[in-house]
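Take a look at the letters that make up each chain.
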Amino acid sequence: MRAITVRDRDAGVRGMTLTDLPHPHAAENDVIVRVHAAGFTPGELSWPATWTDRAGRDRTPSVPGHELSGVVTELGYGTTGLSVGQRVFGLADWTRDGALADHVAVEARNLAPLPADIDHVTAAALPVSGLTAWQGLFDHGRLTAGRTVLIHGAAGGVGSLAVQLAREAGARVIGTGRAADRTTALDLGAHAFVDLQADRLEDAGPVDVVLDVIGGDILDRSAALVRPGGTLVTISRPVTVPPDGARAVFFVVEPDRAQLTALATRVRTGRLTPLIGSVHPLPDTAAAFAPGTRTPGKTVIRVAEEAG
Ligand SMILES: NC(=O)c1ccc[n+]([C@@H]2O[C@H](COP(=O)([O-])OP(=O)(O)OC[C@H]3O[C@@H](n4cnc5c(N)ncnc54)[C@H](OP(=O)(O)O)[C@@H]3O)[C@@H](O)[C@H]2O)c1
């Protein structure tokens, strides 16, 4: 099968090569998915799981891209809950080969059924960003109606979905980003916007929850914005400047079938729209993610056309 592989940790996105690999093996509780569309996070190339398995053994050449949408073609021994021919979407395991390939082996529990009226490109833009936004706001941030949340990077992959989910949940939403992101963030439902280059971030507080996707100095300065009893949530790195009287949480997104289903329901009913920046065929993956070529919104790789 065709697959995009990486072998050299120092080569970055330039090292992504179209390769011929054997068809994957369906282990116990796995499904094999014929991939129709896949997503890739450039940060993956710095994660240990891209290069080694759970025992720390080298697993190169490895296939990156850990969010996918496609159709189940095989079931492993003991796999229940999904069936051959079913449309599915979700996360591929971090320490196994990913979805920038014609086929991928995934634990069935990491996937959810994909409703017939959501196309594969839209579905592939949801798992990492959508689950991260959901878990950051609700599981870790404990956001509820009437609370105020400040969402950094509000026009980005995670932030754009977080703004829509928080607004729908009845929160007051403050988005942040660059000047060019203001209109996008407000159109998605943010009540207010902070231009991180021109406005004073410190004037945006106090808030009940901060969802940070940027890290660095922005994360450190965000601690002072959180009210006592609130939560500073980040996906960028562990918090080194803790907020006063408030919780701080750094987390890595986890697979969750129920949350994927909740995201799909919102997409079907027009309450949630992933921002898709560009769509490219599998052989163009390295060019699609080359530094300097990024378009705003999610870059999705289309691996196969859907029949019918
Ligand atoms: N821990 C986890 O589980 C997890 C899960 C998902 C993602 N992540 C990581 O989280 C990060 C964000 O992911 P994403 O998909 O949302 O990325 P993204 O689509 O690039 O969104 C980030 C947004 O923040 C903006 N931004 C970044 N730095 C900024 C700054 N200094 N000032 C103003 N705006 C700034 C970006 O604007 P520009 O594009 O103009 O810079 C972009 O709009 C990535 O590093 C990703 O690897 C972690």
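Everything numeric here is computed off the predicted structure, so don't read it as measured data.

### Topic: unusual backbone geometry
Along the chain, threonine 60 connects to proline 61 via a cis peptide bond; the corresponding omega equals 0°. Mapping proline 61 onto the fold places it in the loop between strand S3 (30-39) and strand S4 (67-75). Of the consecutive residues glycine 205 and proline 206, the connecting peptide bond is found in the cis state with omega at -5°. Although it is not a glycine, arginine 142 sits at a positive phi angle of roughly 50°. In this fold, arginine 142 is placed in the loop between helix H2 (127-140) and strand S8 (148-151).

### Describing the nonpolar core
Core analysis: the largest hydrophobic core is formed by 40 residues, its most contacted members being Phe89, Leu137, Val149, Ile151 and Ala166. Elements represented by at least two residues in this core include exactly strand S5 (87-91), H2, S8, helix H3 (157-168), helix H4 (182-188), strand S11 (207-212) and helix H6 (257-268). Top element by residues in this core is H3. It accounts for six residues. In this structure, this core is formed jointly by two domains, domain 1 (2-125 + 275-302) and domain 2 (129-250), each of which donates at least three residues. Here isoleucine 151 is in contact with Leu137, Gly159, Ala162, Val163, Ala166, Val173, Ile174, Gly175, Thr176 and Leu211, once residues within four sequence places are set aside. Counting residues in hydrophobic clusters, the runner-up holds 31 residues, among them Ala38, Leu45, Leu111 and Ala288.

### A closer look at the packing of H2 against H3
The description of two helices packed together rests on the angle between their axes and the distance between the axes. Contact pair H2 / H3: the axes reach a minimum separation of 8 Å and the direction vectors enclose 50°. Accordingly, the angle class assigned to the pair H2 and H3 is oblique. The hand of the H2/H3 crossing is right-handed. Side by side, H2 and H3 meet where Ser129, Gly130, Thr132, Ala133, Trp134, Leu137 and Phe138 of the first sit next to Gly157, Val158, Leu161, Ala162, Leu165 and Ala166 of the second. Per-class residue counts for the contact of H2 with H3 are nine nonpolar, four polar and no charged.

### Comments concerning the side chain of glutamate 67
On the secondary structure map, glutamate 67 appears in strand S4. Overall, the relative accessible area of 1% leaves glutamate 67 in the buried class. A polar contact of 2.8 Å, which involves the side chain of glutamate 67, links it to the backbone nitrogen of valine 128.

### Topic: the site of the ligand
The environment of the ligand is made up of 19 residues, and the closest members are Gly157, Val158, Arg178, Ile235 and Val253. A distance of 3.3 Å separates a nitrogen atom of the ligand from a polar atom in the side chain of glutamine 197. Valine 253 has a polar backbone atom sitting 2.7 Å from an oxygen atom of the ligand. Within the complex, 72% of the 910 Å² of free accessible area of the ligand lies under protein. Elements with a contribution of two residues or more to the shell around the ligand: H2 and H3. Here the shell around the ligand is composed, by residue class, of nine nonpolar, seven polar and three charged.

Calculation notes
- Throughout, a residue's number is its position along its own chain's written sequence, starting from 1.
- Per-residue local features are limited, in this predicted model, to residues with pLDDT of at least 70; the limit for side-chain atom pairs, both in listing and counting, is 80 or more; totals at the level of whole chains, interfaces and linings are taken over all residues.
- The basis for every side-chain value is the complete set of heavy atoms in the structure, and neither hydrogens nor water enter the calculation.
- A run of H or I in DSSP becomes a helix once it reaches four residues, and a run of E becomes a strand once it reaches two; helices and strands are each numbered from the N terminus.
- Side-chain atoms within 4.5 Å are what join buried Ala, Val, Leu, Ile, Met, Phe, Trp, Tyr and Cys residues into a set we call a nonpolar core.
- Relative accessibility decides the category of a residue: with a 1.4 Å probe and only protein chains considered, values under 20% of the type maximum give buried, values over 50% give exposed, and everything between is partly exposed.
- An automatic or database domain assignment supplies the start and end points of every domain.
- Whether two residues are in contact is decided by their heavy atoms: any pair within 4.5 Å suffices.
- Every angle, taken between N-to-C directions, lies between 0 and 180 degrees, and every axis is a line fitted to C-alpha atoms, over only the stretch in contact when it is a helix.
- Angle categories: roughly parallel below 35 degrees, roughly antiparallel above 145, roughly perpendicular from 65 to 115, and oblique for all the rest.
- Crossing handedness: left-handed means the near helix sits turned counterclockwise from the far one by under a right angle, and right-handed means the same turn made clockwise.
- Gly is placed with the polar residues, together with every amino acid not listed as nonpolar (Ala, Val, Leu, Ile, Met, Phe, Trp, Tyr, Cys and Pro) or charged (Asp, Glu, Lys and Arg).
- Polar contacts, as used here, are pairs of N or O atoms within 3.5 Å; protein pairs need one atom able to donate a hydrogen and one able to accept it. Residues neighboring in sequence count only if both atoms are side-chain atoms.
- Neighbouring residues are identified by heavy atoms, a residue being near a molecule or strand if any of them is within 4 Å of it.
- Computed with the Shrake-Rupley method and a 1.4 Å probe, the accessible areas treat only the protein chains shown as cover for residues.

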